[in-house]
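# Descriptive structure summary
Chain by chain, the residues:
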Amino acid sequence: MQDQATPGPHPERAPLALPPGPSADPNGPPTLPPFPAVHPPELGPQNQIRPLVTLTGKGFTWAAGIRAALGVGIPFAIVTATLGLGDATFAALGGYTVLYAAKEPYARRGITLALVGLGLAVSLMLGSLAAGTPLLYVPVITVVAGIATFLCGALQVDRPGGYMFTLVCAMGAFLPHQPDRVLERGALVLVGAAGAWLVSMSGWLVRPRHPEHLALAACFEALADFFAAIGDQPSDAARHRASETVHSAWVTVLRADTRRNRRTGEARRLRVLCRRALDLFQAAQLLAVERDRPLPAEITETVRALAGAVGRPTLVPVLPAVLADTETDAERTLRTALRAAAAAAGQPAVKEGEIIPGRRPSAGERMRAAFDRSSLVPPTALRTGLGVGSAALAAALLPVVHPVWVAIAAGAALQGGNVVLDFGRVLQRAIGTLLGVAVIALFFHDLRPDQWLVVVVVALLFGATQTVIARNLAVGAACVTPVGLFLAAAGSPGAHVGDLAATRMIDTVLGLTVGLVASLVLWPRASATRLPRQLGRAIRAEAMLLRATVTGQIVDDRAWGSTRRAARRELIDLWSVYESALGEITGRHLDAERLWPAIVTAQRLGYRLMTAPETYRTDSPEPIPEDDLARLDAYVEELASAAEERRPPTLPELPDLWGYPVLRQHLKRLGRVITRANEPVAARHLPAFVRQRILAPPARLLYGVRRTAGPDTGQSQRPARNRGPGETT
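The following paragraphs examine the structure supplied in this document. Keep in mind it's a predicted model, so treat the numbers as computed, not measured. (Residues numbered from 1 in each chain as written. Predicted model: local features only at pLDDT ≥ 70, side-chain atom pairs only at ≥ 80, totals over all residues. Heavy atoms only, no water.)

### Thoughts on the packing of helix α14 (residues 377–397) against helix α19 (residues 501–521)
Put simply, the rule is: To get an axis, a line is fitted to the C-alpha atoms, and for a helix only the part in contact is used. The angle between two axes follows their N-to-C directions and goes from 0 to 180 degrees. Numbering of helices and strands starts at the N terminus; helices are DSSP runs of H or I of at least 4 residues and strands are runs of E of at least 2. Left-handed is the label given to a crossing in which the near helix is rotated counterclockwise from the far helix by less than a right angle, and right-handed is the label when the rotation is clockwise. Contacts are assigned to residue pairs with any non-hydrogen atoms lying within 4.5 Å of each other. Three categories are distinguished: nonpolar for Ala, Val, Leu, Ile, Met, Phe, Trp, Tyr, Cys and Pro, charged for Asp, Glu, Lys and Arg, and polar for the others, with Gly belonging to the last.
At a minimum axis separation of 9 Å, α14 and α19 run at an interaxial angle of 145°. Judged by the twist between their axes, the crossing of α14 over α19 is right-handed. Residues Arg-383, Gly-387, Ser-390 and Ala-391 of α14 lie in contact with α19, whose contacting residues are Val-514, Ala-518 and Ser-519. Here the contact of α14 with α19 is composed, by residue class, of three nonpolar, three polar and one charged.

### Quick word on the nonpolar core
Basically, it comes down to this: Buried Ala, Val, Leu, Ile, Met, Phe, Trp, Tyr and Cys residues that are joined via side-chain atoms within 4.5 Å together make up what is termed a nonpolar core. For the exposure calls, accessible area comes from a 1.4 Å probe over protein chains only, and a residue counts as buried if that area is under 20% of its type's maximum, exposed if over 50%, partly exposed in between.
Ranked by size, the top nonpolar core spans 101 residues in total, and within it Leu-223, Phe-227, Leu-280 and Leu-667 carry the most contacts. A per-element tally of this core places helix α10 (residues 265–290) first, with 13 residues. Look past the residues within four positions of Leu-280 in its chain and what remains in contact with it is Phe-220, Leu-223, Phe-227, Leu-306, Leu-334, Ala-337, Leu-338 and Ala-341. Cys-152, Tyr-163, Met-201 and Leu-487 belong to the second largest nonpolar core, which has 63 residues in total.

### Some words on a nonpolar patch on the surface
The condition that has to hold: Exposure above 30% relative accessible area and no salt bridge define the residues that can form patches, which grow by joining like charges within 9 Å and nonpolar side chains of Val, Leu, Ile, Met, Phe, Trp and Tyr within 5 Å. Method for areas: the Shrake-Rupley scheme with a 1.4 Å probe, in which residue coverage is limited to the protein chains shown. Any carboxyl oxygen of Asp or Glu within 4 Å of a side-chain nitrogen of Lys or Arg constitutes a salt bridge here.
Together, Leu-118, Val-122, Leu-126, Leu-129 and Leu-190 line one region of the surface with nonpolar side chains, adding up to about 410 Å² of accessible area. The biggest single contributor to the nonpolar patch is helix α4 (residues 106–129), with four residues.

### Some points on the layout of surface pockets
Which entries qualify depends on this criterion: Cavities and pockets were defined on a 1 Å grid built over protein atoms only: a cavity is a set of grid points that admits a 1.4 Å probe from which the probe cannot escape, a pocket is an open set flanked by protein on both sides within 12 Å along at least five of seven lines, and lining residues are those with an atom within 4 Å of any such point. Grid points are joined across faces, edges and corners, and a volume is the space filled by probe spheres set on the points.
Within this model, the second largest pocket holds a volume of roughly 1,100 Å³. Lining the second largest pocket are 47 residues, with Met-171, Val-404, Trp-405, Gly-484 and Leu-487 positioned closest to its centre. Sorting the residues of the lining of the second largest pocket by element identifies α3 (85–94), α6 (163–173), α15 (403–413), α16 (419–443), α17 (451–468), α18 (473–490) and α19 as the ones contributing at least two each. It is α18 that contributes the most residues to the lining of the second largest pocket, eight residues altogether. Each residue belonging to the lining of the second largest pocket can be placed in one class, and the counts come to 31 nonpolar, eleven polar and five charged.

Encoded structure:
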């Protein structure tokens, strides 16, 4: 095999080996690496003006654009040719099914798309039944928006989530009231959904494993970034991203592991690669603890080259020569993991594969997790439902020409997840809508579109929207704005495209404003309120790892893997909730940022415990006595309780933990930072807007009594990702 990514031999290589760090010598004085006092800049609220005039680092999603254009355009054209443009509009609405489950394995994608298409048809029929009567359609839109958002969050249906169900229901609610055509309209939506299903599933014919390849490639890319961050900068953010992608790749491969697929050689190869990615993460974690200078660039390039070898085994890289001489356990672990990963990536198929531990969670388990006291799904669903319902009510009371645009814009404004992201979405959508309206008004105002021109333009603009929206939301909104104007003009014989341009702008701004107000008023501190509870959950998950470590019960088997995955999931959720809490304006600095030292300490402690099996050179240290174990349990439980209750902990004496000095130092530091974060702050130091903040409803009204953690099923408790305003339509 030829090395496709690693440069040729260099006469002077940087030595890989370093003297063992504090984790390598349990008898030496434990000296922890410095902890960052503040969170990384990329976690905080970003400039809201720069995204308007720049492109994100992501590439143009050409495949998504082509898929969207075909998924909407094909059923739209077929129904137009058979029944006419008016009925074809409902088929185009069903074509929105193509936007869902784009990253899911085909086995799961087919089921998800079928359910989405059925849900869109039901949403349209409910809206059509309530059409014409504000006393009916306002509560119907509210309920549909809330339930759709809740179900998509609970069942982990990725974006656009409940937004399209809200859009379709609002479209039906503001149509002429024709009860005799309700079933016909629902059937047309199903026809469009069937066409979108075929388009979205067509990739299975040529690349049946492409979604799993993408997930594993993203995993190795994130691992390469983690290796690159070791030594010369705080690597906490890179560690989190790598851990998150490793978990996502494991979930993706697990979802594709059906009884039929399990027998194929490629499925076995992907299972082995998933395990090797975890081994590389463990090696990187060990190196991050003991090294104080960067790794040689060849190692990072080799790990990055594995991403290309996931789908093309011929591109597997050759191991760099710098790995030939290694000294520490972490370096030997890295060499072993890289060799095994390259060997697995270079095989087109394997005869025997490792069984992926864990199981797919059932729908009932996901629903129960969504009702957990620490879940953000209920407040997000309630905020969306009430916000969209308020916009529909405002459209009914005001002299609005096209009230459907008001409700749709409000739903779009509430997709950010917090105030800062919602404001960014509102600003970018408003400017994008203005640009789209300006183009129509200046160049196509007097256009009377033919039905086939409408079909072609709608398909092309919808595909263009999905191509560019990940890089710039304002440009995506500018592309999608003319779609509604063309459809509205086609439905009014003799109308010009530009007749409704000004109306579209006014209605959109009104809906965006209502959505932003709902984001500010309804549960404005949902993430910040959940953050202490999530910190307590993470500490309790780490307590299971800690107990297994100090009692010498660690065996690399299914039970240990399940415990480690549960702790990883809680740590991922903790980081995600903190990131979301930073976008909540009310009390953001005091309620979230004060907890950052505790969060990063818990992160480092948890990931260090996960590497416990690899830290033993020969035999594990002698288990600690029972009385010391009881004191350790009481110490960790007090840490978790204090974190959840936002109070300084009253800590018992921490046992010596002979053989684990670094773990003891982590626990002592965690107690100090939780105490510091929960110390009362004088009222005169609080900003006025914090002292006068709008309080959210009590958590008991949303979550009920407190629930204990359930068994490990691979199910994350966090809501849909809120990375930024440019991730969805």
